[in-house]
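Spelled out from the first residue to the last, the chains are:
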Amino acid sequence: MNITALVISIFGFSIIYGGILMARRVEGKLAAAALRLGAMLVGFLSIPIIHMLLNSPVQSTSESGKYFLFIAILGFVADRVFVKKASA
């Protein structure tokens with residue numbers, strides 16, 4: 001397990017999830033959609049950019065993408081389960 005790739009993946013997902021949480025508080029649909037889109041763009045692009053700045057090998061960047069996929073799936077499933085229970 002590559003700890004650097006895991007930390008960078010968690011960082012990228014936290015940017016995306018933070019943008020989605022902030023978009024829930026915005027009243028306008030267009031502004032919320034723009035905020036979600038911007039957060040996703042910045043979150044996705046932050047992963048390869050940070051690896052490039054750290055001069056990481058390609059294998060580490062590839063592992064980071066795999067970690068990000070699993071973190072995103074688990075995070076959004078957990079969000080749906082806990083948000084549904086909290087709002088009900």
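The present account deals with the structure reproduced in this document. (Residues numbered from 1 in each chain as written. Predicted model: local features only at pLDDT ≥ 70, side-chain atom pairs only at ≥ 80, totals over all residues. Heavy atoms only, no water.)

## Brief notes about helix α2 (residues 29-54)
Line of reasoning, step 1. Helix length check: α2 (26 residues) gives 37 Å between terminal C-alpha atoms against 38 Å at 1.5 Å per residue, within 8%.
Line of reasoning, step 2. Along α2, the helix axis deviates most sharply at S46, where the bend reaches about 35°; the proline P48 sits within four residues downstream.
Line of reasoning, step 3. Of all the positions in α2, only A32, A39, G43, S46, I47 and H51 are classed as buried.
Line of reasoning, step 4. Positioned one or two residues after α2, N55 has a phi angle of 60°, which is positive. (Helix = DSSP H or I, 4+ residues; strand = E, 2+ residues; numbered from the N terminus. Expected span 1.5 Å × (residues − 1). Bend = angle between axes of the 7 residues up to and from the residue. Buried < 20%, exposed > 50% of the residue type's maximum accessible area, 1.4 Å probe, protein only.)

## Notes on the environment of F13
Line of reasoning, step 1. Mapped onto the secondary structure, F13 falls in helix α1 (residues 3-25).
Line of reasoning, step 2. Exposure remark for F13: the relative accessible area of 12% places this residue in the buried category.
Line of reasoning, step 3. A C-alpha to C-alpha distance of 6.3 Å links F13 and G43, two positions 30 residues apart in sequence.
Line of reasoning, step 4. In this view, F13 contacts F68, I71, A72, G75 and F76; residues no more than four positions away in its chain are not counted. (Contact = heavy atoms within 4.5 Å.)

## Regarding the packing of aromatic side chains
Line of reasoning, step 1. By the definition in use, this model includes four aromatic pairs.
Line of reasoning, step 2. Each ring, one from F13 and one from Y17, has its centre 5.8 Å from the other, and the planes form 15°; the classification is stacked. Of the two residues, F13 and Y17 are both situated in helix α1; the distance of four residues between them amounts to about one turn of the helix.
Line of reasoning, step 3. By relative accessible area, Y17 is classed as partly exposed at 22%.
Line of reasoning, step 4. Here the aromatic residues F13, Y17 and F76 are joined through ring pairs into a cluster of three or more. (Phe/Tyr/Trp six-rings, centres within 6.5 Å; stacked < 30°, edge-to-face > 60°.)

## Side note on the side chain of S64
Line of reasoning, step 1. Among the secondary structure elements, S64 is positioned in helix α3 (residues 58-87).
Line of reasoning, step 2. On the basis of relative accessible area, S64 is assigned to the buried category, the value being 0%.
Line of reasoning, step 3. The contact partners of S64, leaving out residues within four places of it in the chain, are A5, I8, S9, I47 and H51.

## A few points about the side chain of D79
Line of reasoning, step 1. In this fold, D79 is placed in helix α3.
Line of reasoning, step 2. Engagement of the side chain of D79 in a polar contact is seen with the side chain of R24, the distance being 2.6 Å. (Polar contact = N/O pair within 3.5 Å; in protein donor to acceptor, adjacent residues only side chain to side chain.)

## As for the packing of α1 against α2
Line of reasoning, step 1. Their axes nearest at 8 Å, the elements α1 and α2 cross at an angle of 165°. Classed by the angle they form, the pair α1 and α2 counts as roughly antiparallel. Between α1 and α2 the crossing geometry is right-handed.
Line of reasoning, step 2. Residues that form the contact of α1 with α2 fall into these classes: 17 nonpolar, seven polar and one charged. (Axes fitted to C-alpha atoms, helices over the stretch in contact; angles between N-to-C directions. Parallel < 35°, antiparallel > 145°, perpendicular 65-115°, else oblique. Left-handed = near helix turned anticlockwise from the far one by under 90°. Nonpolar A, V, L, I, M, F, W, Y, C, P; charged D, E, K, R; others polar.)

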